[in-house]
Amino acid sequence: MHSPDEPQHGDTAFADLARRFAERLATVRPCVDARYVRPDWVRRNAELERDLLPVPPPDFLRHPSIAFQMFVNERLLPHELPYVRSRLADERPLAEPPVGDPPTVPLPGSDLRTSSNTVHQLFHLLRYQEATGRRVDDAATIVEWGGGFGALIRVITALHRGEPTCVVFDTPTFSAVQWLYLSAVLGEERVVLHDTAPVRPVPGRVNLVPIGLVGATDVDADLFISNWALNESLPRAREDVVDRRWFGAGSLLLAMHAGDPFAQVVLATGATAVPLGDFMPGQHYLVA
Ligand SMILES: C[S@@+](CC[C@H](N)C(=O)[O-])C[C@H]1O[C@@H](n2cnc3c(N)ncnc32)[C@H](O)[C@@H]1O
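Residues numbered from 1 in each chain as written. Predicted model: local features only at pLDDT ≥ 70, side-chain atom pairs only at ≥ 80, totals over all residues.

## Description of the pairing of strand 6 (residues 206-210)
Counting buried residues in strand 6 gives five out of five residues, a clear majority hidden from the surface. Pairing between strand 4 (residues 165-170) and strand 6: five bridges, direction parallel. Residue pairing for strand 6: Val167 is matched across the bridge by Asn207. Examined bridge by bridge, strand 5 (residues 191-193) and strand 6 share three bridges and lie parallel to one another. Residue pairing for strand 6: Val191 is matched across the bridge by Val206. (Buried ≥ 20, exposed ≤ 12 C-beta atoms within 10 Å, placed from the backbone. Helix = DSSP H or I, 4+ residues; strand = E, 2+ residues; numbered from the N terminus. Pairing = 2+ DSSP bridges.)

Here it is, written out as structure tokens:
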């Protein structure tokens, strides 16, 4: 866990990072694989680029392609927050960085503000630990497919007692958004945006890899995570990930609707289904 005295990079760095966003996005934009991306995500990416260029606004997390897709409703808080608080030895991972102006709520009985999204991401990791008996700390190399704006990776870096090597595959637009968000929150030196094959992840860093470079990425994972993302990619992406045996990962955390046909494929590889709970009917984790 990182010390509370570490500098918060968000405020000072954001303006500088935002000025360089267009150039970073231009370097990764060609690194796409159209065989992987569903039309609804092509549209969300186009809308995001239209509105974030040339310089993303300070409240970029409020863009509909992010806010409506990645911030769960605050009605989930009473179901998830008590579970999360009862299992965290230290509440600092609940603190919401101000970068991107996310919608926040006060954390009762504390000076911190949190968000329904941060609580939701912590809930996923803690439920994974409970269901598998493993710890996120057990994983030195973590691959995430479809990382949103970077919320789960931020929480992993806060929870993990080591310096894990993280690899996040996403569309080029979202890889660039993750670069902006995670550089502002963690410090730019901890984030690597890859734009050239072959991709060799930098140990101990957050490596952001646009999906056009998946086939050229040399990674041997311990834990593979994909929450509501691989099932939202085209079949070719799922086939390639299953063919690569989850990038070598011996442990899995996926989330999707129980009725999703891909759930059967994941179960057939040895995963176990765990319902999120009555407050999210039909939604399951698939863990191994
Ligand atoms: C519904 S969001 C979920 C984000 C995050 N996992 C969460 O739970 O908040 C879907 C994610 O999958 C990504 N995605 C969509 N199509 C993809 C593809 N073909 N390959 C990789 N990522 C993709 C989106 O950009 C987004 O980051």
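## Focus: the site of the ligand
Inspection of the region around the ligand gives 20 residues, with Tyr36, Gly146, Gly148, Ala229 and Ser233 positioned closest. Among the elements of the structure, helix 3 (64-70) and strand 4 are those that each provide at least two residues to the shell around the ligand. (Near = placed C-beta within 6 Å.)

## Details of the packing of helix 6 (residues 151-159) against helix 7 (residues 172-186)
Interaxial distance between helix 6 and helix 7 falls to 10 Å at its minimum, and their mutual angle equals 25°. Classified by the angle their axes make, helix 6 and helix 7 are roughly parallel. Helix 7 is crossed by helix 6, and the crossing has right-handed handedness. In this structure, helix 6 uses Ile153, Arg154 and Thr157 to contact helix 7, whose residues at the interface are Leu182, Val185 and Leu186. Of the residues contributing to the contact of helix 6 with helix 7, the split by class is four nonpolar, one polar and one charged. (Axes fitted to C-alpha atoms, helices over the stretch in contact; angles between N-to-C directions. Parallel < 35°, antiparallel > 145°, perpendicular 65-115°, else oblique. Left-handed = near helix turned anticlockwise from the far one by under 90°. Contact = placed C-beta atoms within 7 Å. Nonpolar A, V, L, I, M, F, W, Y, C, P; charged D, E, K, R; others polar.)

## Here's the deal with the sheet that holds strand 10 (residues 283-287)
Across a sheet, paired strands are connected by hydrogen bonds in the backbone, their directions being either parallel or antiparallel. One open sheet accounts for eight strands, arranged 5-6-4-3-7-8-10-9; its pairing is mixed. Every other strand in the sheet has two partners, leaving strand 5 and strand 9 (272-275) as the edge strands with one partner each. For this sheet, the mean inter-axis angle between neighbouring strands, taken without regard to orientation, is 20°. Relative to strand 4, strand 3 (residues 141-145) runs parallel, the two being bridged by five bridges. Across the sheet, residue Val143 finds its bridge partner in strand 4, namely Val167. The strands touched by helix 9 (residues 261-268) are strand 8 (251-257), strand 9 and strand 10; relative to strand 10, the strand with the most contacts, the crossing angle is about 25°.

## Looking at the confidence of the model for the protein chain
Chain-level statistics for the protein chain give a pLDDT mean of 94 and a share of 96% at 70 or above. With pLDDT under 50 throughout, residues 1-8 is counted as low confidence; its partners more than four residues away or in other chains account for five contacts. (pLDDT = per-residue confidence, 0-100.)

## Thoughts on unusual backbone geometry
Geometrically, the link from Leu53 to Pro54 is a cis peptide bond, its omega value of 5° lying close to zero. A cis amide bond, omega -5°, links Ala197 with the succeeding residue Pro198. Note on placement: Pro198 falls in the loop between strand 5 and strand 6. Positive phi outside glycine occurs at Arg245, with the angle close to 50°. By secondary structure assignment, the location of Arg245 is in the loop between helix 8 (235-243) and strand 8.

## Re the packing of helix 5 (residues 116-132) against helix 6
The geometry of helix 5 relative to helix 6 is characterised by a closest axis approach of 9 Å and an angle of 65° between their N-to-C directions. For the pair helix 5 and helix 6, the crossing hand works out as right-handed. Residues Asn117, Thr118, Gln121, Leu122 and Leu125 of helix 5 touch helix 6, and the partners they reach there are Ala151, Leu152, Val155 and Leu159. Broken down by class, the residue content of the contact of helix 5 with helix 6 amounts to six nonpolar, three polar and no charged.

## Structural notes on the nonpolar core
In terms of nonpolar packing, the biggest core is built from 80 residues, with Val143, Ala221, Phe224, Leu252 and Leu254 touching the most fellow members. If one sorts the elements of this core by residue count, helix 7 sits on top with ten residues. Not counting the four nearest positions on each side in its chain, Leu254 is found in contact with Ser226, Asn227, Leu230, Val266, Tyr285 and Leu286. (Core = buried A, V, L, I, M, F, W, Y, C linked by C-beta atoms within 7 Å.)

## Details of helix 7
In this model, helix 7 (15 residues) spans 20 Å end to end at C-alpha, consistent with the 21 Å of a helix rising 1.5 Å per residue. Gly187 sits one or two residues past helix 7 and shows a positive phi near 105°. (Expected span 1.5 Å × (residues − 1).)

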